[in-house]
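Per-entry structural report
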Amino acid sequence: MAFITLSCNAVLFDCDGVLVDSTSAGENAWRQWAQDHNLNEDDVLQGIHGRRSAETVDKHLPKNARKHGLDRIEEIELQAADTTTPVPGAVQALQSMAENWAIVTSATPALFGARLTAAGLRRPAVVVTGDDVVNGKPAPDGYLLAATKLGAAIHECIVLEDSETGVDAALAAGASVVLGVGPAALATRAHIVVRDLTGTTWADGALHIATQTILGEHRSFADRTFCLISRS
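Report on the accompanying structure. (Residues numbered from 1 in each chain as written. Predicted model: local features only at pLDDT ≥ 70, side-chain atom pairs only at ≥ 80, totals over all residues. Heavy atoms only, no water.)

1. Quick look at the packing of helix 1 (residues 23-36) against helix 4 (residues 66-79)
Helix-helix packing is described using two parameters, namely the angle between the two axes and the distance between the axes. Inclusion rule: Here, axes are lines fitted to C-alpha atoms. For helices the fit covers the stretch in contact, and angles between N-to-C directions go from 0 to 180 degrees. Helix and strand labels come from DSSP, where a helix needs a run of H or I of at least four residues and a strand needs a run of E of at least two; each type is numbered from the N terminus. Oblique is the label for any angle not covered by the other classes, which are roughly parallel (under 35 degrees), roughly antiparallel (over 145) and roughly perpendicular (65 to 115). Helix crossings fall into two classes, left-handed where the near helix is turned counterclockwise from the far one by less than a right angle and right-handed where it is turned clockwise. Here, residues are in contact when the closest pair of their heavy atoms is within 4.5 Å.
Interhelical geometry of helix 1 versus helix 4 gives an angle of 140° and a closest axis separation of 9 Å. Here helix 1 lies oblique to helix 4, going by the angle between them. Classified by chirality, the crossing of helix 4 by helix 1 is right-handed. Facing helix 1, whose interface residues are Gly26, Ala29, Trp30, Gln32, Trp33 and Asp36, helix 4 presents Gly69, Arg72, Ile73, Ile76 and Glu77.

Below, the structure written as structure tokens:
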């Protein structure tokens, strides 16, 4: 099996869509929420991925209804959390990690914990949730905080993301490489996009990515030649 090897000091993972498959459950939850509030489902679904629930609620509800609306979407999503499954390769990828990794998610602590547990995935020592930052994605705050907690410079970190919002946050933070996960990431500015995490492992100070999973590379990245990349 051929690999691209990316040297780095730390790896920062998004959760939903990168480590766990919660897309259908999440979209169904928001559709139900939209129906509860007599809103157009498609309008509500636009822009939910990678963003904190509070920001979507604020966009669609008047101020006096937002707290109830936020509590309601949390309730619906928690009810469906036990259907969450790991993204292919996620279990093996996390098993290979040392202590230099973190998860940065827009979810609340309760929803993040429920989904990670349902998927049977390892929890890192450093987790940054949507509740831990003033500004959610696409602001860089979450990734900058995670790097600081790990004692790593953000430009020495690789970020794995699936949404445009998340990729923009990682790029704004200054991550050395942003690895997009899933076909939808082809529409983002991720440097490399892989189908899933099959064959992705950590070893010898680098993240190793199976070339057979790569769906695309941005020209600006493919043409770069610097020491952190090797191909075999």
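2. Some details on the pattern of salt bridges
Which entries qualify depends on this criterion: What makes a salt bridge here is a side-chain nitrogen of Lys or Arg within 4 Å of a carboxyl oxygen of Asp or Glu, nothing more. Accessibility here uses a 1.4 Å probe with only protein chains present; expressed as a share of the type maximum, an area under 20% marks a residue as buried, one over 50% as exposed, and anything in between as partly exposed.
Summed over the entire model, instances satisfying the criterion amount to 14 salt bridges. Residue Arg31 pairs with Glu41 through a salt bridge whose shortest N-O separation is 2.9 Å. Taken as a pair, Arg31 in helix 1 and Glu41 in helix 2 (residues 41-45) lie far apart in primary sequence, 10 residues in all. Here Arg31 falls in the partly exposed class, since its relative accessible area comes to 28%. The closest approach of N and O atoms between Arg195 and Asp196, which form a salt bridge, is 3.3 Å. Through salt bridges that share partners, Asp14, Lys137 and Glu161 make up one connected network.

3. Considerations on the pairing of strand 2 (residues 10-13)
Our working rule: Only strands that DSSP links by at least two bridges are regarded as paired with each other.
Side chains of strand 2 alternate between two faces, with Ala10 and Leu12 and Val11 and Phe13 buried alike. Summarising the sheet, strand 2 and strand 7 (residues 157-161) pair through four bridges and their orientation is parallel. Residue pairing for strand 7: Ala10 is matched across the bridge by Cys157. In this sheet, strand 5 (residues 101-104) lies alongside strand 2 in parallel orientation, the contact comprising three bridges. Note on strand 5: the bridge partner recorded for Phe13 is Ile103.

4. Side note on the environment of Ser163
Of note, Ser163 is situated in the loop between strand 7 and helix 8 (164-173). For Ser163 and Val181, which are 18 residues apart along the polypeptide, the C-alpha to C-alpha distance reads 8.5 Å. Residues contacting Ser163, with those up to four places away along its chain left out, are His49, Gly50 and Thr188.

5. Structural notes on helix 8
Within helix 8, the full set of buried residues consists of Thr165, Gly166, Val167, Ala169, Ala170 and Ala173. Against the buried residues of helix 8 lie helix 7 (141-150), strand 7 and strand 8 (177-181).

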